[in-house]
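# Residue-level structure breakdown
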There are 4 protein chains.
Amino acid sequence: MGLVADAFSEDSFKKLIGFNAIGHCRYSTTGESNVRNIQPICINYGRGSLALAHNGNLINAVSLRRKLEAEGSIFSSTSDSEVIVHLIARSKKKKFADALVDALKQIKGAYSLLVMTEDELFAVCDPYGIRPLSIATINGSWVFASETCAFDLVGAKYIRAVKPGEVVRVNKNGMSSISIGKTKRYGHCIFEFIYFSRPDSLIFDISVQEARDKLGMELFKEHPAIADIVIPVPDSSTSAAIGYSKASKIPFEMGLIRNHYIGRTFIEPEQSIRDFGAKIKYNPVKRLLDGKRIVVVDDSIVRGTTSRKIVKLLRKAGAKEIHWRISCPPITYPCFYGIDTPLRSELIGATHTVEEIRKYLHVESLGYLSAEGLLRSVNGNKNQYCLACFNGDYPLKN
Amino acid sequence: MGLVADAFSEDSFKKLIGFNAIGHCRYSTTGESNVRNIQPICINYGRGSLALAHNGNLINAVSLRRKLEAEGSIFSSTSDSEVIVHLIARSKKKKFADALVDALKQIKGAYSLLVMTEDELFAVCDPYGIRPLSIATINGSWVFASETCAFDLVGAKYIRAVKPGEVVRVNKNGMSSISIGKTKRYGHCIFEFIYFSRPDSLIFDISVQEARDKLGMELFKEHPAIADIVIPVPDSSTSAAIGYSKASKIPFEMGLIRNHYIGRTFIEPEQSIRDFGAKIKYNPVKRLLDGKRIVVVDDSIVRGTTSRKIVKLLRKAGAKEIHWRISCPPITYPCFYGIDTPLRSELIGATHTVEEIRKYLHVESLGYLSAEGLLRSVNGNKNQYCLACFNGDYPLKN
Amino acid sequence: MGLVADAFSEDSFKKLIGFNAIGHCRYSTTGESNVRNIQPICINYGRGSLALAHNGNLINAVSLRRKLEAEGSIFSSTSDSEVIVHLIARSKKKKFADALVDALKQIKGAYSLLVMTEDELFAVCDPYGIRPLSIATINGSWVFASETCAFDLVGAKYIRAVKPGEVVRVNKNGMSSISIGKTKRYGHCIFEFIYFSRPDSLIFDISVQEARDKLGMELFKEHPAIADIVIPVPDSSTSAAIGYSKASKIPFEMGLIRNHYIGRTFIEPEQSIRDFGAKIKYNPVKRLLDGKRIVVVDDSIVRGTTSRKIVKLLRKAGAKEIHWRISCPPITYPCFYGIDTPLRSELIGATHTVEEIRKYLHVESLGYLSAEGLLRSVNGNKNQYCLACFNGDYPLKN
Amino acid sequence: MGLVADAFSEDSFKKLIGFNAIGHCRYSTTGESNVRNIQPICINYGRGSLALAHNGNLINAVSLRRKLEAEGSIFSSTSDSEVIVHLIARSKKKKFADALVDALKQIKGAYSLLVMTEDELFAVCDPYGIRPLSIATINGSWVFASETCAFDLVGAKYIRAVKPGEVVRVNKNGMSSISIGKTKRYGHCIFEFIYFSRPDSLIFDISVQEARDKLGMELFKEHPAIADIVIPVPDSSTSAAIGYSKASKIPFEMGLIRNHYIGRTFIEPEQSIRDFGAKIKYNPVKRLLDGKRIVVVDDSIVRGTTSRKIVKLLRKAGAKEIHWRISCPPITYPCFYGIDTPLRSELIGATHTVEEIRKYLHVESLGYLSAEGLLRSVNGNKNQYCLACFNGDYPLKN
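Reading the values: the criteria
- Residues numbered from 1 in each chain as written.
- Chains lettered and ligands numbered in written order.
- Predicted model: local features only at pLDDT ≥ 70, side-chain atom pairs only at ≥ 80, totals over all residues.
- Heavy atoms only, no water.
- Contact = heavy atoms within 4.5 Å.
- Pairing = 2+ DSSP bridges.
- Helix = DSSP H or I, 4+ residues; strand = E, 2+ residues; numbered from the N terminus.
- Axes fitted to C-alpha atoms, helices over the stretch in contact; angles between N-to-C directions.
- Parallel < 35°, antiparallel > 145°, perpendicular 65-115°, else oblique.
- Left-handed = near helix turned anticlockwise from the far one by under 90°.
- Nonpolar A, V, L, I, M, F, W, Y, C, P; charged D, E, K, R; others polar.
- Buried < 20%, exposed > 50% of the residue type's maximum accessible area, 1.4 Å probe, protein only.
- Polar contact = N/O pair within 3.5 Å; in protein donor to acceptor, adjacent residues only side chain to side chain.
- Buried area = accessible area lost by both parts, 1.4 Å probe.
- Salt bridge = Lys/Arg side-chain N within 4 Å of Asp/Glu carboxyl O.
- Least-squares fit on C-alpha atoms with pLDDT ≥ 70 in both.
- pLDDT = per-residue confidence, 0-100.
- Phe/Tyr/Trp six-rings, centres within 6.5 Å; stacked < 30°, edge-to-face > 60°.
- Lys NZ or Arg CZ within 6 Å of the ring centre and 35° of its normal.

### Points about the arrangement of the chains
Spatially, chain A is disjoint from chain C: no contact exists, and the shortest C-alpha separation is 15 Å. Chain B shows no contact with chain D. Their nearest C-alpha atoms sit 15 Å apart.

### Comments concerning the sheet that holds strand β9 (residues 174-179) of chain A
Residues and elements named next belong to chain A. The strand order β1-β2-β3-β4-β8-β9 describes an open sheet built from six strands, whose pairing is antiparallel. Each having just a single partner strand, β1 (41-45) and β9 make up the two edges of the open sheet. Across the sheet, the mean angle separating the axes of adjacent strands is 20 degrees when strand polarity is ignored. As judged from the five bridges shared by strand β3 (residues 109-116) and strand β4 (residues 121-125), these two strands associate in the antiparallel manner. Paired with Ser 112 across the bridge in β4 is Cys 125.

### Let's talk about the packing of helix α3 (residues 61-70) of chain D against helix α4 (residues 82-90) of chain D
All names here are of chain D. Interhelical geometry of α3 versus α4 gives an angle of 45 degrees and a closest axis separation of 10 Å. With respect to each other, α3 and α4 are oriented oblique. Considering the relative orientation of α3 and α4, their crossing is left-handed. Residues Ala 61, Leu 64, Arg 65 and Leu 68 of α3 touch α4, and the partners they reach there are Val 83, His 86, Leu 87 and Arg 90. Looking at the contact of α3 with α4 residue by residue, the classes come out as five nonpolar, one polar and two charged.

### Some details on the pairing of strand β5 (residues 134-138) of chain A
Residue and element names in this part refer to chain A. Burial within β5 is extensive, with four of its five residues counted as buried. Where β5 and strand β6 (residues 141-145) come together, five bridges link them in antiparallel fashion. Bridging from a neighbouring strand, Ser 134 pairs with Ala 145 of β6. Counted between consecutive antiparallel strands, the loop separating β5 from β6 contains two residues, among which Asn 139 sits at a positive phi close to 50 degrees. Examined bridge by bridge, β5 and strand β7 (residues 157-161) share four bridges and lie antiparallel to one another. Residue pairing in the sheet places Ser 134 in a bridge with Ala 161 of β7.

### Remarks on the side chain of Ser112(A)
Residue and element names in this part refer to chain A. Here Ser 112 lies in strand β3. Among the residues examined, Ser 112 registers a relative accessible area of 4% and is labelled buried. A polar contact is formed between the side chain of Ser 112 and the backbone oxygen of Arg 131, at a distance of 3.0 Å. Ignoring anything within four residues of it in the chain, the contact list for Ser 112 reads Ala 53, His 54, Asn 55, Val 124, Cys 125, Arg 131, Pro 132 and Leu 133.

### What to know about the interface of chain B and chain C
With 29 residues of chain B in contact, the opposing surface of chain C contributes 29 residues. The contact between chain B and chain C buries some 2700 Å² in all, and 56% of this surface belongs to carbon and sulfur atoms. Two residues, Asp213(C) and Arg287(B), come together in a salt bridge whose shortest N-O distance is 3.6 Å. Our enumeration of links across chain B and chain C arrives at nine residue pairs in polar contact (both at pLDDT 80 or more). Residue classes in the side of chain B that touches chain C are distributed as twelve nonpolar, six polar and eleven charged.

### Considerations on the relation of the copies chain A and chain D
Mapping chain A onto chain D leaves a residual RMSD of 0.0 Å; the transformation is a rotation of 180 degrees accompanied by 0.1 Å of translation along its axis. Taken together, the turn and the small shift mark the pair as related by a two-fold rotation axis. Comparing contact sets, 100% of the residues at the interface of chain A also lie at the interface in chain D, consistent with an isologous, same-surface contact.

### What about the interface of chain A and chain D?
If you look at the interface, chain A gives 30 residues, while chain D gives 30 residues. Summing the contributions of chain A and of chain D, the shared interface buries around 2700 Å²; its carbon and sulfur component is 56%. Lys246(D) is the partner of Glu253(A) in a salt bridge, and the nearest nitrogen-oxygen pair spans 2.2 Å. Taken together, chain A and chain D are joined by ten residue pairs in polar contact (both at pLDDT 80 or more). When residues of the side of chain A that touches chain D are traced back to their parent elements, those giving at least two are α6 (149-154), α8 (208-222), α9 (238-248), β15 (282-284) and α11 (286-289) of chain A. Residue classes in the side of chain A that touches chain D are distributed as 13 nonpolar, six polar and eleven charged.

### Quick notes on the confidence of the model for chain A
Residues and elements named next belong to chain A. When pLDDT is averaged along chain A, the result is 90, and 91% of the positions lie at 70 or above. Scored below 50 in pLDDT, residues 262-279 makes 49 contacts in the model with residues more than four places away or belonging to other chains. At the level of chain-chain contacts, confidence expressed as ipTM amounts to 0.88, with global pTM at 0.86.

### A closer look at the side chain of Gln39(C)
Residues and elements named next belong to chain C. Structurally, Gln 39 can be placed in the loop between α2 (10-14) and β1 (41-45). Side-chain polar atoms of Gln 39 contact the backbone nitrogen of His 54, separated by 2.7 Å. There is a polar contact of 2.7 Å between the side chain of Gln 39 and the side chain of Ser 81.

### Overview of the relation of the copies chain B and chain C
Overlaying chain B on chain C yields an RMSD of 0.0 Å, the required transformation being a rotation through 180 degrees with an accompanying axial translation of 0.1 Å. A share of 97% of the interface residues of chain B reappears at the interface of chain C, consistent with the copies meeting face to face through the same patch.

### Digging into helix α4 (residues 82-90) of chain B
Judged by how many residues are buried, α4(B) sits mostly within the fold: nine of nine residues are covered. Of all the residues in α4(B), the buried ones are Glu82(B), Val83(B), Ile84(B), Val85(B), His86(B), Leu87(B), Ile88(B), Ala89(B) and Arg90(B). Against α4 (82-90) of chain A together with β1 (41-45), β2 (48-58), α3 (61-70), α5 (96-104) and β3 (109-116) of chain B lie the buried residues of α4(B).

### What to know about the packing of aromatic side chains
Evaluation of the coordinates by the stated rule reveals 39 aromatic pairs over all chains. When the ring of Phe220(C) is compared with that of Tyr244(C), the centres are 5.4 Å apart and the planes differ by 85 degrees; the resulting orientation is edge-to-face. With a gap of 24 residues between them, Phe220(C) in helix α8 (residues 208-222) and Tyr244(C) in helix α9 (residues 238-248) connect regions that are remote in the sequence. Arranged with centres 6.2 Å apart and planes meeting at 80 degrees, the rings of Tyr337(C) and Tyr394(C) form a pair that is edge-to-face. Taken together, the positions of Tyr337(C) in the loop between β17 (321-326) and α13 (348-351) and Tyr394(C) in the segment after α16 (388-391) put the pair 57 residues apart, joining distant regions of the chain. The pair Tyr337(C) / Tyr394(C) is uniform in exposure class, with both members buried. Across the ring face of Tyr333(A), the terminal group of Arg344(A) is positioned such that the distance to the ring centre comes to 4.3 Å.

Right under this line is the structure:
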């Protein structure tokens, strides 16, 4: 539990033996954050040992758990992911791969999984392909990760994304694929491009940096501004702000310095996306801002409280005009697939008009990128991506 | 995990709310000593929450676990006690008390249990009554403990022992009893009197101090000696040595000082009864022993290595003659009911004659108390007690 | 800080190199119990490195510290022992041994010291010989300890006690002695025999067990009783109770069981001699006490509260008569030499007559051993021992 | 010891009482990094209590310590800063302020100090003004910090820098100044602008961001390049790279992503400036770099190993041409005033020509900013700044 560097010592790695390993750095969304909910889930059961790591969120976990408990299963965590291992344990199928598919057919929602047995490794993506999962290779071995920047660190060669509905199986015979079924549409989470993923990663086979650069350019096309400088709310908006600067020819500057000691936002549940700005400190560079007309590029507005605080900081540093630009549409619906958004009533985009938000933030102008501009930036259409947080169109109906 | 004083801070008690509590200080015998095997076992399952503490050892745990796992149950520890909660969870009985009895009827072996649900508490003793469990009352509440000295510490009034095959149920309606069946004989563990229990406790309604006093007296009757002083191997043999001294009129002295910093033997598994003497330090009081004929009273000889070391210490301190007296018969069979004895091949009593042991210890005489003397000391007969470690007559046949 | 077993891991010993080592297990009396006051005091200074361990208490530490601080010395602890290292550091003597003697001539009070430099070891006893310090040898090396039972554990051969006013010097040339001056009388702490030391130790070259045995015998001579059993308040009074039993022919029994999990009293400052009974739990063995006339032998009465609690326990267990016997005179004065006694106003022996104490304890009779009986038990006279806690006759006038 | 967030809990702040406080986050350069060398140094001595925090490095600490130890002072750390408190303790001056000045006149080197007594606070800057120290005010109180970004975080109003040779004294009578002497020149560390300080800080009353912006512009004037993009080695070179981009009209891009989990370089001694690149991970954004001519702006080259690794990363990501630009001259001399540079023989700038370094890095062109360009960027001259690491002209001669 805790940051990777705190949880593992060098000694803990020396103890690892064998030819197969999985790890997990979870942004916990379902089930409390405590030691029992740590992943990978590791169990000993009738078939031997099993480890499972899950990125995403199941939408039928509660009813499945209730059914399993009525039949006598005992859960040792409150995590939604534990239902998967109980379904595997209960399956009557003889072969493990069949028991896994049996279990997967019963669960609904977003799931990118790594499942390790004593002699095999499985990488699974749900039929809608909601969360990313990628394949790479190094020295004849296979590696899987959510973001491809992890491959760069270890020097692995990127191959491709795991496909929606694909179960990738790795064992002594090499890699092979099983399908768990097709759907009429996909539901790749578009928010991964806007905020979550690192710019040096490929997500669903697309460059995050390229997507963000285009978000900034599209944003200028839709919401131009006359200003002296363009500044990002660092770090997640830097690429989009550079795109805006290039399209507009307005100079790019680092007008806000972020205090990096605090750690990246989204990985610590207690300062999750719900209130990500509340605790993070930005410091304005007065010399750059004083007397200037400023375009601020940010990735999203959730409650609006953090944005408002930043506006105050900028005004105090002497900003003459502030033009706020958001690289996505207003967030109006909650996410059920693993991003920790607040209740609708707390989403400022769901309860206020753009003009009301502009007044609340106290800025000269406010512009949100349209859904069309967003899809253009990722070369996609609405049958490929989930935009439910912007339009309520959830890929899974219940 | 660890000693009670280390495992619990004052704060941990402040956090406890409610009207019901169980705790456990286990001398772990089955399942490794690790954090997953800590008791009470606490689970959330189909019926709500459940906590269970188990003293003793099940003899059919492995086969029950194999069967439960084949049906899809996932165990979270290697403890034999966990099968009981899975059997409860799997029971089709509607009422909890019925489900508990259902589970108890499937398990075999030694078990004194405390089982706590959200509104009830159950105290259970197996049909042979192998391990002790006693009932007391304080301020209108009910208290249960293995040894009655625990009642004295909190000021609770002793009532009686839980009977073999009795399920004592405590809820808002008070205390009541359920029977889980009768057996032709009982199997109270006689070793509790010899070594395990504290002299200030009652066990199976009998005073441990009185039993040990009589063990020492019987021992003198069966194996008298002409000597200057009687010394115990402290602390467990002190009462028996005083009994021997009183019967023989030979003065009692504390000729060996025990280093109490090391902690009581049997509670730490890594220095269990198998090698209890190896790490414990005794220091001889030279001034008392020099030039003397000495009777040493000890509770048992397991491997013989510790006894031999003590003999060397006494000789070095000047002992002229050493007469070794053991307050029970030779241990010749392993215990399957919760006492951590070694393999038969390592039991010196199983592999050597008394004369051979005497020579090995290098003492002038060696006397073991007979089974008859042992039973006389506890006012009992062989249909009440388990003497299997001395005679191989196990109450449960498999 | 903490118990030895907690403070040191096996690894901490592996790191120790060299041919010389000192350690310390201090019953802290002066200076708060915190990490800065841990001993040995280890310093780097003008002459190199130095380590010093001190048993006892200096009576002129405050004025020496004030003087040293006025001259610019900076203390890093609140311990009285630190003045010694500053005096050594300030000495103008060229040779270390001369600087040490220079420092010792300035300090007053009780001090048994071990002082280690990079190539020498010094064992020092103050001119009155107040605290014990003994010499042993093992494999051609020299070992020093307060109590000789430490030598037995490691197999070292006892040689003799360090003499009052002796500085024993050990270096590559072997062992030699320096004198720091003679006094008209000695002041060996007689309380070491009564309570502090272990019965398996020699203190000031005398057996503690033998002394306690005689204390019990003298106590019977001075204060006989007609009773059924003699019981000790374990563990420190056990030897004296056996002595009383042997002299009186009244049977010895272990009527009180001590809970050893709590740890030995005097080593933990927070449950020091001031209130040693308050937290220690004794449990009576009802079967032994019920309906009996009992002699209880204890080593001392400080405040009287613990003794009174034990009397209540015994009465509750059925004791018919209680005859309380103390193996020393009433404590009426505080100790300035390292034993943590309370204010005079809190010493029941200083504020009440024996008859008043008897009534307070609620016992049938109460007998204290006389100073003469005490001195007889250790074969000594009042010019050899400090009995100041009983009679106010302090060896150092201050 | 450790990061601020790890070393202090919220509870540790609740315990602080009083009206005065100092803290320290030291980049340890002299004395090992261990618990004894933690600052502030807190002592109790003849005048009461004292706390002292030191930024910088004394060059006569060893000889002062040797002298003090010969006179009997005992040091409790290996830190050069501890000599200051011993000099204060030894001073014969009656008033504390006089004793402080007395001590300061004996030390030589770089020192920005905070000294706290029970009722006063002193902020001190050495006569050359080597390390920065600034004054701010909040709610009628005075605040001091090395970097002004700390004032922004707590909302304090910046007043001015502490002057070279100034002792600022704060007590119940308010703020006043004492001078410890004038020098012919100053020696502000110019490396604070190049690398150390945050861009949102003022240092020596000058904006770090503005200085870095100008460094980048001057760098383009001296070393132009024909390229497709300008990228920084983040984060310390970002402002200079933006300056270069603005002057050159070549687009600015974030072509390297820094892994922020590792923590800021210079605060952890074990990954000090000597090998700051070795452990920090940069990840290239392939999509931005592939087939491009790239200007890389970095703040310095120490050993050259990290720069060379980055070049390899960029080539692997497809960079066609690499033009390396450094915003300062080659580092050719060690720093004695608190920056942890390696031996001259390990400084690539001291042992190789620019052309040799270019070949070693394997880049198309390499340009260092001149000393004149550097001084122009901070509006200064060589009598105000220390450029010793570039030219060997040390302000203090020994």
